[in-house]
Amino acid sequence: MYESYFKLTKKPFDLLPNPDFMYLSKSHKRALTYLNYGIKERSGFILLTGEVGSGKTTIIRDLIKKNHERVLLGKIFNTRVNSEQLISMINDDFGLPVHGKDKIELLRDLNVFLIEQYAKGNQPTLVIDEAQNLSASLLEEVRLLSNLETDHAKLMQIILVGQPELRKTLARTELLQLRQRISINCHLQPLSRQEVEEYIHHRLDVAGDRAAVIFETEALDNIFTYSRGIPRLINIICDFLMLSAAAEGLKKLDGQMVHEIIGDLDFENQYWKTTIAETDKGSVDGAGAGNSEKESQLASVLVDIRSRLESLEKESTRFNTNMVNDIGNRIKSVQNLVTTYRGETDHSISEIRRKMDSYMEKSSHAASQPVMQKEEKSNFIRRIFGN
């Protein structure tokens, strides 16, 4: 809607998990590296977790888009199913017939398919997204699928992708065997303040013009504070900011505009408190609301602390740089003084030697002076000034 005003080729802050817009923060880059390594090395189970909107699905879609050589990717995005439905969905995504077949037949077909692919040198890999919705019993079913193997390798690699609650489920006693089979484990962290700024500019750049709109420093600070570094929430805020800027004919966004957008969206209640309340299902209504508010306030304080720590780190780096430069300048000053004094000293010594040579020359022509006396003076001068 506002693309034409800002002369962009596409919408920069769309909520769709488009791999073309993927920004690799330090945490995202590490996760993608782990995933690529795990697939290439046939590492068995891989676990990828992160908060809602942290970019898990985008990373998975980027992984699928890269289309690793000889890797057959199966994808499960609906995990609110029973055991038979889960296996049926796995077979269907690998292109196997599933109509009218019971669980035993489905497992037999899957096993035959995996053996055939292994014989061809292919590597079937199953990605289960939103895995936090799987019960402990279904996760155990998934573990049993990994028992399909030869003497030398697993026939299928499994990547579990989910929210942090997935780790709580995996921590249960009955899932010890599954935990022990997870060889690669990574968690997506929220973006830092600097990464939020880079993320926004990166998406504008991909959309056609990095300088299409100017985000003032205070605006970026506020976006970081309210989004807490979650990419999806950054997109929501920036999308409304650009829509508002286009409506008002602006191309520069300040901190006050961010505050106004946050108020219009009722941001805290819509995107933070509700989420926390939903996860606190075991609380009494009144206590749950109180805890939700306290947790929200605590999260805001933690974000503020992190922002301040980053500022202190930058100041510390700047101070250390200035101190090193100052020491370097002082050393150069001392070196210049030493060079000057050395030059003056060399000149003085040369002048003394010149006068002594003149004196010696005059003394050698003094006929009335005994030879022995001249030699004694010459030796005395050599002892004092050297040869």
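Before any of the text, the structure's been laid out above.
Residues numbered from 1 in each chain as written. Predicted model: local features only at pLDDT ≥ 70, side-chain atom pairs only at ≥ 80, totals over all residues. Heavy atoms only, no water.

### With respect to the overall build of the protein chain
Next, step 1: Tallying secondary structure elements over the protein chain gives 15 helices and seven strands in all.
Next, step 2: When each of the 387 residues of the protein chain is scored for burial, the buried share is 39%.
Next, step 3: Across the protein chain, every contact between residues at least 6 apart in sequence was considered, and the portion connecting residues at least 24 apart equals 73%.
Next, step 4: For the protein chain, the exposed surface amounts to about 22,400 Å²; the carbon and sulfur share of it is 52%. (Helix = DSSP H or I, 4+ residues; strand = E, 2+ residues; numbered from the N terminus. Buried < 20%, exposed > 50% of the residue type's maximum accessible area, 1.4 Å probe, protein only. Contact = heavy atoms within 4.5 Å. Areas by Shrake-Rupley, 256 points an atom, 1.4 Å probe, with all protein chains shown as cover.)

### Comments concerning the sheet that holds strand S1 (residues 45-50)
Next, step 1: Pairing within the open sheet is parallel, and its five strands lie in the order S2-S3-S4-S1-S5. Each end of this open sheet is capped by a strand with a single partner; those strands are strand S2 (71-76) and strand S5 (182-188). For this sheet, the mean angle separating the axes of adjacent strands, direction not counted, is 15°.
Next, step 2: Note that S1 and S5 share six bridges and pair parallel. Bridge pairing links Thr 49 to His 187 in S5.
Next, step 3: Across the sheet, helix H3 (residues 56-66) lies against S1, S2, strand S3 (123-128), strand S4 (157-162) and S5, angled at about 140° from S1, the strand it touches most.
Next, step 4: Together, S1, S3 and S4 form the strand contacts of helix H6 (residues 136-145), whose direction differs from that of S4 by roughly 155°. (Pairing = 2+ DSSP bridges. Axes fitted to C-alpha atoms, helices over the stretch in contact; angles between N-to-C directions.)

### Focus on the packing of helix H10 (residues 217-227) against helix H11 (residues 231-248)
In a pair of packed helices, the angle between the axes and the distance between the axes together describe the arrangement.
Next, step 1: Look at H10 against H11: their axes get within 9 Å of each other, and the N-to-C directions meet at 135°. Relative to H11, the element H10 is oriented oblique. Relative to H11, the crossing made by H10 is right-handed. Contact with H10, carried on its side by Ile 223, Tyr 226 and Ser 227, involves Leu 233, Ile 234, Ile 237, Cys 238 and Leu 241 of H11 and no other residues of that element.
Next, step 2: Its residues placed into classes, the contact of H10 with H11 shows seven nonpolar, one polar and no charged. (Parallel < 35°, antiparallel > 145°, perpendicular 65-115°, else oblique. Left-handed = near helix turned anticlockwise from the far one by under 90°. Nonpolar A, V, L, I, M, F, W, Y, C, P; charged D, E, K, R; others polar.)

### With respect to unusual backbone geometry
Next, step 1: Residue Glu 130 is not a glycine yet carries a positive backbone phi of 55°.
Next, step 2: By the secondary structure assignment, Glu 130 is in the loop between S3 and H6.
Next, step 3: Phi is positive for Arg 228, close to 60°, though the residue is something other than glycine.
Next, step 4: Locating Arg 228 in the fold gives a position in the loop between H10 and H11.
Next, step 5: Looking at Arg 228, the relative accessible area reads 6%, which means it is buried.

### Brief notes about a nonpolar patch on the surface
Next, step 1: A surface patch of nonpolar side chains, about 330 Å² in accessible area, is lined by Met 1, Phe 240 and Leu 243.
Next, step 2: For Met 1, the location among the structural elements is in the segment before helix H1 (3-6).
Next, step 3: On the accessibility criterion, Met 1 (81% relative accessible area) is exposed. (Patch = residues over 30% accessible without salt bridge, like charges linked within 9 Å, V, L, I, M, F, W, Y side chains within 5 Å. Salt bridge = Lys/Arg side-chain N within 4 Å of Asp/Glu carboxyl O.)

### Observations concerning the environment of Ser 27
Next, step 1: With respect to the secondary-structure elements, Ser 27 resides in helix H2 (residues 26-40).
Next, step 2: Excluding residues that lie within four positions of it along the chain, Ser 27 makes contacts with His 187, Leu 188 and Gln 189.
Next, step 3: A distance of 3.4 Å separates a polar atom in the side chain of Ser 27 from the backbone oxygen of His 187. (Polar contact = N/O pair within 3.5 Å; in protein donor to acceptor, adjacent residues only side chain to side chain.)

### Some details on the environment of Val 258
Next, step 1: Structurally, Val 258 is set in helix H12 (residues 255-265).
Next, step 2: Expressed as a C-alpha distance, the spacing of Val 258 and Leu 220, which sit 38 residues apart in the sequence, is 8.7 Å.
Next, step 3: Once residues lying within four places of it in the same chain are set aside, the contact partners of Val 258 are Ala 219, Asn 222, Ile 223, Tyr 226 and Leu 241.

### Thoughts on the pattern of salt bridges
Next, step 1: In this structure the tally under the stated criterion is eight salt bridges.
Next, step 2: Taking the shortest distance from any N to any O, the salt bridge between Asp 221 and Arg 193 comes out at 2.6 Å. Separated by 28 residues along the polypeptide, Asp 221 in helix H10 and Arg 193 in helix H9 (residues 193-207) bring together distant segments of the chain.
Next, step 3: For Arg 193, a relative accessible area of 9% translates into the label buried.
Next, step 4: A single salt-bridge network, built from bridges that share partners, covers Arg 193, Glu 197 and Asp 221.

Function-wise, these values are silent; they only describe arrangement.
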